[in-house]
Amino acid sequence: GESVGLHLPTLSVQEGDNSIINCAYSNSASDYFIWYKQESGKGPQFIIDIRSNMDKRQGQRVTVLLNKTVKHLSLQIAATQPGDSAVYFCAENMRTGFQKLVFGTGTRLLVSP
Amino acid sequence: SQTIHQWPATLVQPVGSPLSLECTVEGTSNPNLYWYRQAAGRGLQLLFYSVGIGQISSEVPQNLSASRPQDRQFILSSKKLLLSDSGFYLCAWTQEGEQYFGPGTRLTVT
């Protein structure tokens, strides 16, 4: 069936580096994508979203890129900080009149000082 | 502003015992509400969702049930817990396409 997957389960970076977390999706009907950050023992926190009519969206230190041709989504974090250490999930939504997100398995980002 | 509450935060229950987890949302009306389960080190699995009072849709067959007795209250229940019911249970709601999560309940079935 349709699914969202992540390329890397763990990403280790040095403080100050830029981080890139990737996500592949397979449902061409999905038109809305979200990135979440989940710290240990807490619920996922909304980071940034993007709709399928866009290919790039920027937030504070984060940028999401969407490549519909290859069904690929990425989250870029600039000047990564130790507080960015968490598990990051991408999720896709198929707008069938009701929002029902499909989540990937997550990528753990480890930031070393 | 909108706030979502879950309780209890942690719970340890023996196999075969009943379960009731509660989720309430403040600051909005008629939200879409969701229950997810997250196994350790894994992604989120959608269990139930609700578009209104008394309206429950189940995503996967399982040992759990859900109810929505009030507009901003969503309850997850079980009559007899299984070991496999252990996990991190998250309630969520949507507004204008964005989905927000509660703090979660960590359930350990022993």
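Residues numbered from 1 in each chain as written. Chains lettered and ligands numbered in written order. Predicted model: local features only at pLDDT ≥ 70, side-chain atom pairs only at ≥ 80, totals over all residues. Heavy atoms only, no water.

1. Points about the side chain of Ser74 of chain A
Alright, step 1. Relative to the assigned elements, Ser74 of chain A resides in strand E8 (residues 72-77).
Alright, step 2. If we ignore the near neighbours within four places in the chain, the residues touching Ser74 of chain A are Ile20, Ile21, Asn22, Trp35, Thr63, Val64 and Leu65 of chain A. (Helix = DSSP H or I, 4+ residues; strand = E, 2+ residues; numbered from the N terminus. Contact = heavy atoms within 4.5 Å.)

2. Overview of the pattern of salt bridges
Residue and element names in this part refer to chain A.
Alright, step 1. Applying the stated rule across the entire model yields six salt bridges over all chains.
Alright, step 2. A salt bridge links Lys42 to Glu39; its shortest N-O distance comes to 3.6 Å.
Alright, step 3. Its salt-bridge partner being Arg57, residue Asp49 comes within 2.1 Å of it at the nearest N-O pair.
Alright, step 4. Among the charged side chains, a salt-bridge network with shared partners connects Lys37, Glu39 and Lys42. (Salt bridge = Lys/Arg side-chain N within 4 Å of Asp/Glu carboxyl O.)

3. Some remarks on the confidence of the model for chain A
Alright, step 1. The share of residues in chain A with pLDDT of 70 or more is 89%, and the mean pLDDT across the chain is 88.
Alright, step 2. Strand E1 (residues 4-6) of chain A is the least confidently modelled element of chain A, averaging 47 in pLDDT, while strand E7 (residues 62-67) of chain A averages 98, the highest of any element. (pLDDT = per-residue confidence, 0-100.)

4. Observations concerning the sheet that holds strand E7 (residues 65-70) of chain B
Residues and elements named next belong to chain B.
Alright, step 1. Pairing is antiparallel across the open sheet formed by four strands, whose spatial order is E1-E3-E8-E7. Of all the strands in the sheet, the pair left with one neighbour each is strand E1 (3-7) and E7. Taking each pair of neighbouring strands and ignoring which way they run, the sheet shows an average axis angle of 20°.
Alright, step 2. Pairing geometry for E1 and strand E3 (residues 19-26), over five bridges, is antiparallel. Pairing of Gln6 across the sheet is with Cys23, part of E3. (Pairing = 2+ DSSP bridges. Axes fitted to C-alpha atoms, helices over the stretch in contact; angles between N-to-C directions.)

5. A look at the nonpolar core
Alright, step 1. Among the nonpolar cores identified, the biggest contains 20 residues, and Trp35, Leu73, Leu75, Tyr88 and Leu109 of chain A are the most heavily contacted of them.
Alright, step 2. Contributions of two or more residues to this core are made by strand E2 (10-14), strand E3 (19-25), strand E4 (32-38), strand E5 (45-51), E7, E8, strand E9 (86-93) and strand E11 (107-112) of chain A.
Alright, step 3. Sequence-distant contacts of Leu75 of chain A, that is, excluding residues within four places in its chain, are made with Ser19, Ile20, Ile21, Trp35, Ile47, Ile48, Val62, Thr63 and Tyr88 of chain A.
Alright, step 4. Core analysis: the next-biggest nonpolar cluster, separate from the first, contains 19 residues, Val25, Leu76, Tyr89 and Val109 of chain B among them. (Core = buried A, V, L, I, M, F, W, Y, C linked by side-chain atoms within 4.5 Å. Buried < 20%, exposed > 50% of the residue type's maximum accessible area, 1.4 Å probe, protein only.)

6. Some thoughts on the interface of chain B and chain A
Alright, step 1. Contacts between the two partners involve 23 residues from chain B, matched on the other side by 20 residues from chain A.
Alright, step 2. Linking chain B with chain A are zero salt bridges.
Alright, step 3. The interface formed by chain B and chain A includes two residue pairs in polar contact (both at pLDDT 80 or more).
Alright, step 4. Its residues assigned to classes, the side of chain B that touches chain A comprises eleven nonpolar, seven polar and five charged. (Polar contact = N/O pair within 3.5 Å; in protein donor to acceptor, adjacent residues only side chain to side chain. Nonpolar A, V, L, I, M, F, W, Y, C, P; charged D, E, K, R; others polar.)

7. A few points about the state of the cysteines
Put plainly, two cysteines are in a disulfide when a covalent bond ties their sulfur atoms together.
Alright, step 1. On inspection of all chains with the given rule, the structure shows two disulfides over all chains.
Alright, step 2. With a sulfur-sulfur separation of 1.8 Å, Cys23 of chain A is cross-linked through a disulfide to Cys90 of chain A. Here the disulfide of Cys23 of chain A and Cys90 of chain A is right-handed, its torsion about the S-S bond being about 50°. In this pair, Cys23 of chain A is assigned in strand E3 and Cys90 of chain A in strand E9, connecting sequence segments 67 residues apart.
Alright, step 3. What makes Cys90 of chain A buried here is its relative accessible area of 1%.
Alright, step 4. Here Cys23 of chain B pairs with Cys91 of chain B through a disulfide, and the sulfurs are 1.9 Å apart. Disulfide Cys23 of chain B-Cys91 of chain B: the torsion about the S-S bond is -70°, which places it as left-handed. Of this pair, Cys23 of chain B sits in strand E3 while Cys91 of chain B sits in strand E9 (residues 87-95), placing them 68 residues apart in sequence. Each member of the pair, Cys23 of chain B together with Cys91 of chain B, is buried. (Disulfide = S-S within 2.5 Å.)

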